[in-house]
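A closer look at the structure
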Amino acid sequence: MALINIDGDPWLTELDACENLSNDIQSQLAARNRENQLSRQYSIISGTVRVRLKQLGSELDQLTRKLGLISGTLTAGEAERRQRRIEALQSKLIQLQRQFQYVEPAAARSALFETNGSGRGRGVVAFADDDDDDDPALIPTNSNYSVADLRNQQTRILEDQNEGLEALSQVIARQKELATRIGGEVDRHNDILDDLAQTMETTDGRINRETRQIGAITTQDSTWGYWIVIGLLFVAIVLVGIF
């Protein structure tokens, strides 16, 4: 049973986004299978799918951690349903990764039939009888592929890897920028705390000085009573001596 995001739960919103991302990856893989394996469009789609697969895996890990944090606020049944949806998406992620790594033998064969000359049509390739288990990453030794074709394929693979590395570099750059901003905020907070500590220290010194002054004044006030008593006794002694 699908969960309905009635209250605008951010967790459910992120889960729906992950499902949409997995569907988009599935569509991209289907589009890639329709392209020539040696074409530039095939390499571009492969680079895009590789980045989105990593993004989907990362977001599913975040959803799993967030579910652990909010599970105490959910009923047991609700937490179990959400966990099942995450597990379903994780299984789909594994399937998508396998589809991404696997190239259909028919697509590999059609790629080998393509020639690198414009307007020359298709060439003929001789295959061994036991060709059903072709390795997609290899080109049969008995094909009529030239060294230039192999170099072009290697160049496209390198371009694909470069696109993936560029996307990863952009992610790292954003994370670095975010870390720099967080570091700046921490520094500003430290400055505020230092100013507050200095102000409290100054205030504490003033309070101590005022306390000592009040104590001194209190001590002086307490001695006046003794002087008054001594004065009265002196007057009494003088009066007794006279009379």
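- Per an unreviewed UniProt entry, the protein chain carries the name t-SNARE coiled-coil homology domain-containing protein and comes from Anopheles merus.
- As stated in UniProt under Subcellular location (unreviewed entry), the record for the protein chain gives "Membrane".

1. Remarks on the overall build of the protein chain
- The number of helices and strands found in the protein chain is five helices and zero strands.
- For the protein chain, the residues scored as buried account for 21% of the 243 residues in total.
- Pairs at least 24 residues apart make up 67% of the contacts formed inside the protein chain by residues separated by at least 6 positions.
- Per element, the accessible surface of the protein chain, about 17600 Å² overall, is 57% carbon and sulfur.

2. A short note on helix α1 (residues 10–33)
- The end-to-end C-alpha separation of α1 is 35 Å, in line with the 34 Å expected for 24 residues at 1.5 Å each.
- All of the buried residues in α1 are Trp11, Leu12, Leu15, Cys18, Leu21, Ser22, Ile25, Leu29, Ala31 and Arg32.
- Two to three positions downstream of the cap, the backbone nitrogen of Trp11 sits 3.0 Å from a side-chain oxygen, assigning the N-cap of α1 to Asp9.

3. Topic: helix α2 (residues 40–70)
- Here α2 contains 31 residues, and its C-alpha end-to-end distance of 45 Å stays within 8% of the 45 Å for a straight helix at 1.5 Å per residue.
- Those residues of α2 lying buried are Tyr42, Ser43, Ile45, Ser46, Gly47, Val49, Leu53, Leu56, Gly57, Leu60, Leu63 and Leu67.

4. Topic: the pattern of salt bridges
- Within the structure shown, the criterion is met by 11 salt bridges.
- The partner of Arg82 in a salt bridge is Glu78, and the shortest N-O contact between them spans 3.0 Å. Of the two residues, Arg82 and Glu78 are both situated in helix α3 (residues 76–101); the distance of four residues between them amounts to about one turn of the helix.
- Residue class for Arg82 comes out buried when judged on its relative accessible area of 3%.

5. Observations regarding a nonpolar patch on the surface
- On the surface, Phe234, Val235, Val238, Leu239 and Ile242 cluster together to form a nonpolar patch covering roughly 480 Å² of accessible area.
- When you line up the elements, Ile242 lands in helix α5 (residues 147–242).
- Taking the relative accessible area as the measure of exposure, Ile242 reaches 58% and is therefore exposed.

6. Remarks on the environment of Gln153
- Along the chain, Gln153 falls in helix α5.
- Residue classification places Gln153 among the buried residues on the basis of a relative accessible area of 16%.
- In the structure, Gln153 is positioned 115 residues away from Leu38 in sequence and 6.0 Å away in space, judged by C-alpha atoms.

7. Topic: the nonpolar core
- Counting residues in each nonpolar core, the largest one holds 20 residues, and the members touching the most others are Trp11, Ile25, Val49, Leu53, Leu56, Leu60 and Leu63.
- Within the residue set of this core, elements represented by two or more residues are α1, α2 and α3.
- At eight residues, α1 tops the list of elements feeding residues into this core.
- Ignoring any residue separated from it by four or fewer positions in sequence, one finds Trp11 in contact with Leu63, Lys66, Leu67, Ile70, Arg82 and Ile86.

Rules behind the numbers
- For every chain, the first residue of the written sequence is number 1, and numbering continues from 1 onward in sequence order.
- Selection of residues for local features in this predicted model requires a pLDDT of at least 70, selection of side-chain atom pairs for listing and counting requires 80 or more, and totals for whole chains, interfaces and linings are taken over all residues.
- Only heavy atoms go into the side-chain values, all of them from the structure, while hydrogens and water stay out.
- UniProt positions are given in the numbering used here, feature names are shortened, and annotations may be inferred rather than shown by experiment.
- Here a strand is any run of E in DSSP of at least two residues, a helix any run of H or I of at least four, and the numbering for each starts at the N terminus.
- Exposure is judged per residue with a 1.4 Å probe applied to protein chains only, and the accessible area is read against the type maximum: over 50% gives exposed, under 20% gives buried, and values in between give partly exposed.
- For this analysis, residues touch if any pair of their heavy atoms sits within 4.5 Å.
- Surface accessibility in these figures is a Shrake-Rupley result with a 1.4 Å probe; residues are shielded only by whichever protein chains are displayed.
- What a helix should span is 1.5 Å times the count of its residues minus one.
- Distance and chemistry together define a polar contact, namely a pair of N or O atoms within 3.5 Å, with one atom able to donate a hydrogen and the other to accept it when in protein, and with adjacent residues in sequence counting only for side-chain atoms on both sides.
- By convention in these notes, a salt bridge is any Lys or Arg side-chain nitrogen within 4 Å of a carboxyl oxygen on Asp or Glu.
- A residue counts toward a patch only above 30% relative accessible area and without a salt bridge, and it is joined to like-charged neighbours within 9 Å or, for Val, Leu, Ile, Met, Phe, Trp and Tyr, to nonpolar neighbours within 5 Å.
- By convention a nonpolar core is built from buried Ala, Val, Leu, Ile, Met, Phe, Trp, Tyr and Cys residues, the set being connected through side-chain atoms within 4.5 Å.

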